[in-house]
Amino acid sequence: MSNAFNSATEIALVMAATRAEDLRWLLDYCRDRNAVPLVYSTDSNPDPGFQIPRTTRGRETAAYLSYVVDFYDRLPAYSFFVHSNPDQWHNDLFGPMTKDTLPHVRLEAIDAQGYVNLRCTHDPGCPTSVNPWDPTQIDIEKDDIRAFFPQVYESLFDVGPDQVPEHIGNVCCGQFAVSRERIRQRPRADYERMLRWAAETELTDSFGVGWVFEKIWHIVFGTEVIYCPRFEQCRCDVYGWCGPLTSGETLQAVRAKPV
């Protein structure tokens, strides 16, 4: 796998992977598009062709945040954050295989919206996935990370308790695409702070770190706290499947505003 890209690269395909995983599915997509895979190793003995994340806690969290920090000043136009296993229930419309999904993503939707989830189905995650100020008694008794969500949110976003939302909702889970401009709406220091939390927090384990970020990636990349776009409109915008719907309605896909 290539470990860098040049100024002509249009798309970076970012993921975490182990040495044992077969990543050949990436190659056809990268050949057909001006795309380069940025694969971050989660092995203790990493493959020399892989990137080295700044922490391995959180699996894809470590890869995604390390990539943003590593390449912040030379990002391509689009960054696709995906899982390494080619068969994902997180995919949408074109079946579970990521190689069948990626070619259909409308880059213009990323231009227009800044962030798009590759999944459109609301369940799980919408309309609410976390209620930071209202953990269950079981969460409290077990010291689950859900019981500490306000504290976590404050640390990750460097805000006071008055800015912790009552409810967070998002289309699940950890596969999405972000424009260069949207990533840079935050300073690099924000992503470095999030990485430090992932590496150092004692509130949860590696799995918990990944779970936290699956609930907030949409906020990290600048969408509203409740991010649950209409299912049919999401498929129209992201994949160009606009109908006609069973109701007879035909939707209009989002387009970037002229510069």
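Residues numbered from 1 in each chain as written. Predicted model: local features only at pLDDT ≥ 70, side-chain atom pairs only at ≥ 80, totals over all residues. Heavy atoms only, no water.

Per an unreviewed UniProt entry, the protein is named Nucleotide-diphospho-sugar transferase, and its organism is Aspergillus candidus.

(A) Molecular detail of the side chain of Lys215. Following the sequence through the fold, Lys215 ends up in helix 9 (residues 206-220). Once residues lying within four places of it in the same chain are set aside, the contact partners of Lys215 are Ser129, Val130, Phe149, Ile168 and Asn170. (Helix = DSSP H or I, 4+ residues; strand = E, 2+ residues; numbered from the N terminus. Contact = heavy atoms within 4.5 Å.)

(B) Focus on the nonpolar core. If you look at the biggest cluster of nonpolar residues, it comprises 45 residues, and the most contacted ones within it are Tyr67, Phe81, Tyr191, Val212, Phe213, Ile216 and Phe221. Where this core is concerned, the elements lending two or more residues are strand 1 (11-17), strand 2 (35-41), helix 2 (60-71), helix 6 (149-157), strand 6 (176-179), helix 8 (188-200) and helix 9. No other element matches helix 9, which puts eight residues into this core. Judged by nonpolar contacts, the second largest core, of 27 residues, contains Ile11, Leu13, Val39 and Tyr239. (Core = buried A, V, L, I, M, F, W, Y, C linked by side-chain atoms within 4.5 Å. Buried < 20%, exposed > 50% of the residue type's maximum accessible area, 1.4 Å probe, protein only.)

(C) Structural context of the pairing of strand 1. For strand 1, a buried count of seven out of seven residues is recorded, marking the element as mostly surrounded by other parts of the structure. Here strand 1 shows no split at all, with Ile11, Leu13, Met15 and Ala17 on one side and Ala12, Val14 and Ala16 on the other all buried. Regarding topology, helix 1 (residues 25-32) serves as the crossover connection from strand 1 to the parallel strand 2, and that connection is right-handed. Judged from the four bridges that link them, strand 1 and strand 3 (residues 78-81) form a sheet pairing that is parallel. Within the sheet, the bridge partner assigned to Val14 lies in strand 3 and is Phe81. (Right-handed = clockwise from strand over helix to strand, strands pointing away. Pairing = 2+ DSSP bridges.)

(D) Region of interest: the pairing of strand 6. Burial along strand 6 is two-sided: the face carrying Phe176 and Val178 and the face carrying Ala177 and Ser179 are both buried. Sheet topology note: the strand 3/strand 6 ladder contains four bridges and is antiparallel. From the neighbouring strand, Ser79 faces strand 6, where its bridge partner is Val178. Sheet topology places strand 4 (residues 115-117) next to strand 6; three bridges connect them, and they run antiparallel.

(E) Expanded view of the environment of Ala199. Topologically, Ala199 is positioned in helix 8. Note on Ala199: relative accessible area 34%, which makes it partly exposed. Taking C-alpha positions, Ala199 is 6.0 Å from Arg57, a pair spaced 142 residues apart along the chain. When residues no more than four places from it in sequence are discounted, the contact partners of Ala199 are Thr55 and Arg57.

(F) Examining the pattern of salt bridges more closely. Under the defined criterion, the tally for this structure stands at 14 salt bridges. Of the charged contacts in the structure, one is a salt bridge between Arg24 and Asp22, with a shortest N-O distance of 2.6 Å. When its relative accessible area of 62% is taken as the criterion, Arg24 is described as exposed. Asp22 sits in the partly exposed class, given a relative accessible area of 43%. As a salt-bridge pair, Glu249 and Arg230 come within 3.0 Å of each other at their nearest N and O atoms. Taken together, the positions of Glu249 in the segment after helix 10 (231-239) and Arg230 in the loop between strand 7 (226-227) and helix 10 put the pair 19 residues apart, joining distant regions of the chain. The network of salt bridges with shared partners includes Arg106, Glu108 and Arg255. (Salt bridge = Lys/Arg side-chain N within 4 Å of Asp/Glu carboxyl O.)

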